[in-house]
Amino acid sequence: MFDGRRQPVVSREQKLAFAGIYVLKKMDLKPADGGMEMPLVLPSELSPLEDVLQELVNADLVEVNRRKARFEITKKGLAYLGEIIDEAEALVDEFDDESLEDAVAELRRRNVDVLRARFLWGWYDGELDDLVLFQQRRGATPVEPWWADYLMSDAFYEALIRDYDPA
């Protein structure tokens, strides 16, 4: 029975996958470059990432370092991050000079997930490094001040989708 609620714009699994990529980058970068350590006991502002980190542990992309009380990227995680970087670089290299409409049409013709391509592009070029600034540049109101909450929200993915499908 229809209860009046709309369907989520992306599935929980998609959010976990995209957020996992985002978190891996954060963990890989040095703090001076916008990176951060992920403590085993997450502060409240990072609590939306609990399931993301658990998925990364389950996939052997990060591991628990109890001695240092934090999550750390594994060798497999670094290799995966390298593959994601290669995928994003290939997208940018191929489509950087194309119009948005042409790039989207070609991605759809190839049955490539356009949302994933859009996410990877922004992730790779640094557009998504500061999610508060990302919201501010788009005139979002209100602006979600906690990046982890925004990363896991429908609003974030709706903003990405509006970039290539304004309808």
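I will try to describe carefully the structure that is included in this document. These numbers come from a predicted model, not from an experiment.

Analysis parameters
Residues numbered from 1 in each chain as written. Predicted model: local features only at pLDDT ≥ 70, side-chain atom pairs only at ≥ 80, totals over all residues. Heavy atoms only, no water. Helix = DSSP H or I, 4+ residues; strand = E, 2+ residues; numbered from the N terminus. Buried < 20%, exposed > 50% of the residue type's maximum accessible area, 1.4 Å probe, protein only. Pairing = 2+ DSSP bridges. Contact = heavy atoms within 4.5 Å. Axes fitted to C-alpha atoms, helices over the stretch in contact; angles between N-to-C directions. Salt bridge = Lys/Arg side-chain N within 4 Å of Asp/Glu carboxyl O. Patch = residues over 30% accessible without salt bridge, like charges linked within 9 Å, V, L, I, M, F, W, Y side chains within 5 Å. Areas by Shrake-Rupley, 256 points an atom, 1.4 Å probe, with all protein chains shown as cover. Lys, Arg positive; Asp, Glu negative; His and termini not counted. Charge placed at Lys NZ, Arg CZ, Asp CG, Glu CD. Arc of directions from axis to C-beta.

Quick notes on the side chain of Lys15
Residue position: Lys15 is located in helix α1 (residues 12–28). Judged by relative accessible area, which is 12%, Lys15 ranks as buried.

What to know about the sheet that holds strand β3 (residues 70–73)
As summarised here, the arrangement of the 3 strands in space is β1-β3-β2, forming an open sheet in which the pairing is antiparallel. The strands lining the two open edges of the sheet, one partner per strand, are β1 (38–39) and β2 (62–65). Taken together, the 2 bridges between β1 and β3 define a ladder with antiparallel strand orientation. Within β3, the residue paired with Met38 across the bridge is Phe71. Each of β1, β2 and β3 is contacted by α1, which is oriented at about 95° to β3, the strand it contacts most. Docked against the sheet, helix α2 (residues 50–58) engages β1, β2 and β3, running at close to 105° with respect to β2.

A short note on the pattern of salt bridges
Evaluation of the coordinates by the stated rule reveals 14 salt bridges. We note a salt bridge from Arg138 to Glu127, for which the minimum N-O separation is 3.4 Å. With Arg138 in the loop between α6 (131–137) and α7 (147–151) and Glu127 in the loop between α5 (114–125) and α6, this residue pair connects regions lying 11 residues apart in the sequence. The exposure class of Glu127 is partly exposed, given its relative accessible area of 23%.

Considerations on a negative patch on the surface
A contiguous patch of negative charge, built from Glu83, Asp86, Glu89, Asp93, Asp96, Asp97, Glu98, Glu101 and Asp102, is present on the exposed surface. Secondary structure elements with two or more residues in the negative patch: α3 (75–95) and α4 (100–109). Considering each element in turn, the negative patch owes the most residues, 4 residues, to α3. Structurally, the position occupied by Asp86 is in helix α3.

Some details on α4
Restricting attention to buried positions, one finds in α4 the residues Ala103, Val104 and Leu107. Down the axis of α4, the smallest arc covering the buried residues is 95°, so these residues share one side. Set apart from the buried face of α4 by more than 90 degrees, the exposed residues are Glu101 and Arg109. Tucked into the core, α4 has its buried residues touching α3, α5 and α8 (154–164).

Some points on unusual backbone geometry
The phi angle of most residues is negative, glycine excepted, and most peptide bonds adopt the trans form. Of note, the amide linkage connecting Thr141 to Pro142 takes the cis form, showing an omega dihedral of -10°. Relative to the helices and strands, Pro142 resides in the loop between α6 and α7. Located in the positive-phi region is Asp60, a residue other than glycine, with phi close to 60°. Mapped onto the fold, Asp60 is located in the loop between α2 and β2.

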